[in-house]
Structures are given as structure tokens and as C-alpha cells.
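Reading the structure
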Amino acid sequence: MTVLMKRKISLVCPFYNEEQGVRVFFNRINEALAPLTERYEVEVIAINDGSLDQTYEELIKAKADNDYLTIVDLSRNFGKEAAISAGLDYATGDAIIPIDSDLQHPPEVVLELIEKWEEGAEVVLAKRVDRETDRLVQKFTANYFYKLHNRISNIDIPADVGDFRLMDRKVVEALKNLPENSRFMKGLFAWVGFRTTTVDYKVAPREHGATSFNTWKLWNFAIEGITSFSTAPLRVWTYLGCAVSVAAFVYAAYLFITALFFGVDTPGYSSIMITVLFASGVQLIGIGVLGEYVGRIFAESKKRPVYIVREVIK
Ligand code: UDP
Ligand code: MG
């Protein structure tokens, strides 16, 4: 007799200071995924990313009611990217879906993701169709970030898709094999490839608490994304350096010839000052960009783990 095994769906949910949201989250998940339980086994991997509030206690309470829950408690806050990496490592499903725990990613969309997966897609992206919940700067910069990123790096990140997506086990295994320490997940997800389709959804406003990504953090996140996947910012200096050198050579020739035929015209304070300031400014920017990359080589070379687990509660 052959027993038909149910296929397994893993939800990977990072929690950082979400104490008010835990109960609501599991209520919504249970409601939304009820139609699934007949055909699939469902597990939820909740990563407590070093929350400073009662999130851990709330998760333990939720565990009592929801047997499908696995809690991965990290030793401190490692950031969302690391938390998701941890979740992917502990997930055992045939399809794995990272989803925000603040309910900004509507759990109902999961059903659509699974449908597309059943139709043969290995990656199903959830694409946000509006940016209503974003701050104004964010709306503006997000657009330019994707444009710039995709122009200068070797991989294309699809615009308006985040971590909310379904991945087949194959895809997750490929991701787990990537050795790098800096986990710019959007980029890594795109880098591994696989057969991909898209589903549209509307981002919900946050139910409780506040976002942990302010504008400065997002800026750094964008730099991380670009430096992780492109060396164009480094190469640009070669060309800029050449252009400045050529200009300097032409100007030098001009000065030499005028001095030879018309004598030396002593005053030159402004032109010297401008040249010196311009050249040193350009050099400092160049060194700064170099520093960004050297810093990342430094971080990678230490080969520290991406996260540390305090305990896993199954
Ligand atoms: N998060 C996390 N670690 C962090 C910051 C955030 O695990 O250091 C989680 C957070 O609990 C939420 C998700 O990542 O489930 C998205 O975070 P947030 O809502 O703050 O970001 P936004 O939706 O504003 O981009
Ligand atoms: Mg959010």
C-alpha cells in the first residue's frame, strides 16, 4: 500500500518587537490558511530576532495553541535579512514562503502563490501594486533604486517585489549554498534564478507597532544592495580618472604654450584653488567608494555566521 504524503508548506516569519501583533498574526494565519490544511501540511517558522519586548513570551503562548509552530530564538537582533536566512535554514517544507509578521503581507495571498507553484513555477513573486503605505521619500527613491541597481549590476531585481514570495525547495537549497555573509536577500533571490511568475497584491498598513526601517537604514540597505551585486561604482573611477587626466594634459599644454610665447602671467590663485579643491574632492569620493568595498571584504573575510540561535522550540 502506498501512503500519499501531503506536501508541506513552510511560512517563515521574522518577529522583531511585535508583541502586540503575535496573537492577531496567528489568528489571521489560521483563518487564511484553513482551506489549505486538507491538502497540505503547514508549518510556521517564527524567528524571534532579538526582540526587546514580550514577543518571545507571546510566541511561546501561541505555540501552545498552534502545534505547527517552530520558534527559532536568535541570541540578539541580527536584522531582518539574517532572520529570514535563519528561517530558511530551519524550514522543512516543499514550498517556503517568507512573510512579514506585521500583517503587511496579506496571508490570503499565500493561496494564490501556492496555486501558481502547483502550476509549475519554482518561484512565485508577490508584487505590490501600490505604494500607498510608503513615506513620500520612500516612494520616490524606491523607484530610482531599482532603476539604478538594474542598470549597473549583473542581475535584475524585479521592481516592487520584496521578501514576500514562494520558493520551491530547490530554490531554497540553492540559496543555502551561497556562502556570503552579507545577505541582501532580494539580490540573492534574484541571483539564483529558476522559473519565476508573479502575483499582484496590495500592501496592508501595519496593524501594530512601528516600522524598524527609517530613511537612513533604507539608504544603507540600498548601498548594501548595490555593492553586493555590482562593481560599477569601482570601475567608474578608472574612467573619471582618465577623463580628468586628459583634461589636465590639454590644459597643461595650453599653459606651456602661452607661457612660452606670451610670458608668464603671475596671478593664478583662483584657477589653482579650483583645480586643487576639485581634484581632492574627486579623490576623496573615490577613496570613499573603495572603502565601501574594502569594508565589505573585511566583513566577509571574518567568516562569521549570519546569525546565532539561542534555542529552537519545535
Ligand atoms: N524585522 C526583523 N528584524 C529587524 C527588523 C524587522 O525580523 O531587525 C521584521 C519585522 O518584525 C517585520 C518584518 O521584519 O515582520 C518587516 O519589518 P518592518 O515592518 O519594520 O519593515 P517595513 O515593513 O516597514 O519595510
Ligand atoms: Mg512592515
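In what follows, the structure referred to is the one given above.
Residues numbered from 1 in each chain as written. Chains lettered and ligands numbered in written order. Predicted model: local features only at pLDDT ≥ 70, side-chain atom pairs only at ≥ 80, totals over all residues. Heavy atoms only, no water.

**As for the pattern of salt bridges**
The cut-off we apply is this: A side-chain nitrogen of Lys or Arg and a carboxyl oxygen of Asp or Glu constitute a salt bridge if their distance falls within 4 Å. Only DSSP runs of H or I covering at least 4 residues are called helices, and only runs of E covering at least 2 are called strands; the numbering of each starts at the N terminus. Exposed residues in this analysis have more than 50% of their type's maximum accessible area, buried residues have under 20%, and partly exposed residues fall in between, with area computed by a 1.4 Å probe over protein chains only.
Scanning the entire structure with this criterion turns up 14 salt bridges. The partner of Arg28 in a salt bridge is Glu108, and the shortest N-O contact between them spans 3.1 Å. Here Glu108 lies in the loop between strand E4 (95–98) and helix H4 (109–118) and Arg28 lies in helix H1 (residues 22–33), a separation of 80 residues in the sequence. What makes Arg28 partly exposed here is its relative accessible area of 21%. For the salt bridge of Glu292 with Arg296, the shortest nitrogen-to-oxygen distance reads 2.8 Å. Within this pair, Glu292 and its partner Arg296 are both found in helix H10 (residues 269–301), separated by 4 residues, close to a single helical turn. Owing to a relative accessible area of 33%, Glu292 belongs among the partly exposed residues under this scheme. Here Arg296 falls in the partly exposed class, since its relative accessible area comes to 21%. Counted as one network, the salt bridges with shared partners bring together Lys8, Glu41 and Glu43.

**Some words on the site of ligand 1**
Rules: For this purpose, a residue is taken to be near a molecule or strand whenever a single non-hydrogen atom of the residue falls within 4 Å of it. Counted as a polar contact is a pair of N or O atoms within 3.5 Å, where, for protein atoms, one must be capable of donating a hydrogen and the other of accepting one, and residues adjacent in sequence contribute only when both atoms are in side chains. Reported accessibility uses the Shrake-Rupley method at a 1.4 Å probe radius. Residues are deemed covered only where the shown protein chains occlude them.
As a structural note, the neighbourhood of ligand 1 is formed by 16 residues, with Glu18, Asp49, Asp102, Thr211 and Ser212 the closest of them. At 2.9 Å, a backbone N or O of Pro14 approaches an oxygen atom of ligand 1. In this structure, Glu18 approaches ligand 1 through a side-chain N or O atom, which is 2.6 Å from an oxygen atom. For ligand 1, the accessible surface in isolation is 530 Å², of which the surrounding protein chains cover 89%.

**Some remarks on the packing of helix H3 (residues 80–90) against helix H7 (residues 185–192)**
Between two packed helices, both the angle of their axes relative to each other and the distance between the axes serve to describe the pair. The test is simple: For helices, the axis comes from a line fit to the C-alpha atoms of the stretch in contact; other axes are also lines fit to C-alpha atoms, and the angle between any two N-to-C directions lies between 0 and 180 degrees. In what follows, roughly perpendicular refers to angles from 65 to 115 degrees, roughly parallel to angles under 35, roughly antiparallel to angles over 145, and oblique to any angle outside these ranges. Only heavy atoms matter for contacts: two residues are in contact if any of them lie within 4.5 Å across the pair. Residues were grouped as follows: Ala, Val, Leu, Ile, Met, Phe, Trp, Tyr, Cys and Pro as nonpolar; Asp, Glu, Lys and Arg as charged; and all remaining residues, including Gly, as polar.
For the pair H3 and H7, the least separation of the axes is 10 Å and the interaxial angle reads 45°. By the criterion of interaxial angle, the relationship of H3 to H7 is oblique. Here H3 contributes Glu81, Ile84, Ser85 and Leu88 to the contact with H7, which in turn contributes Met185, Lys186 and Phe189. Of the residues belonging to the contact of H3 with H7, the class tally is 4 nonpolar, 1 polar and 2 charged.

**Quick word on the packing of aromatic side chains**
To keep things clear, this is the line we draw: Ring pairs are drawn from Phe, Tyr and Trp, using the six-membered ring of Trp, whenever the two centres fall within 6.5 Å, and their geometry is named by plane angle: stacked under 30 degrees, edge-to-face over 60, tilted for the rest. A ring is scored as having a charge over it whenever the NZ atom of a lysine or the CZ atom of an arginine sits within 6 Å of its centre and within 35 degrees of its normal.
Across all of its chains, the model carries 7 aromatic pairs by this definition. Both rings, one in Phe15 and one in Phe25, keep their centres 5.4 Å apart while their planes meet at 90°; by these two values the pair is edge-to-face. With a gap of 10 residues between them, Phe15 in strand E1 (residues 7–15) and Phe25 in helix H1 connect regions that are remote in the sequence. On the accessibility criterion, Phe15 (0% relative accessible area) is buried. By the ring-pair criterion, three or more aromatic residues cluster together here, those being Phe15, Phe25 and Phe26. We note Arg76 situated over the ring of Phe78; from NZ or CZ to the ring centre the distance is 3.9 Å.

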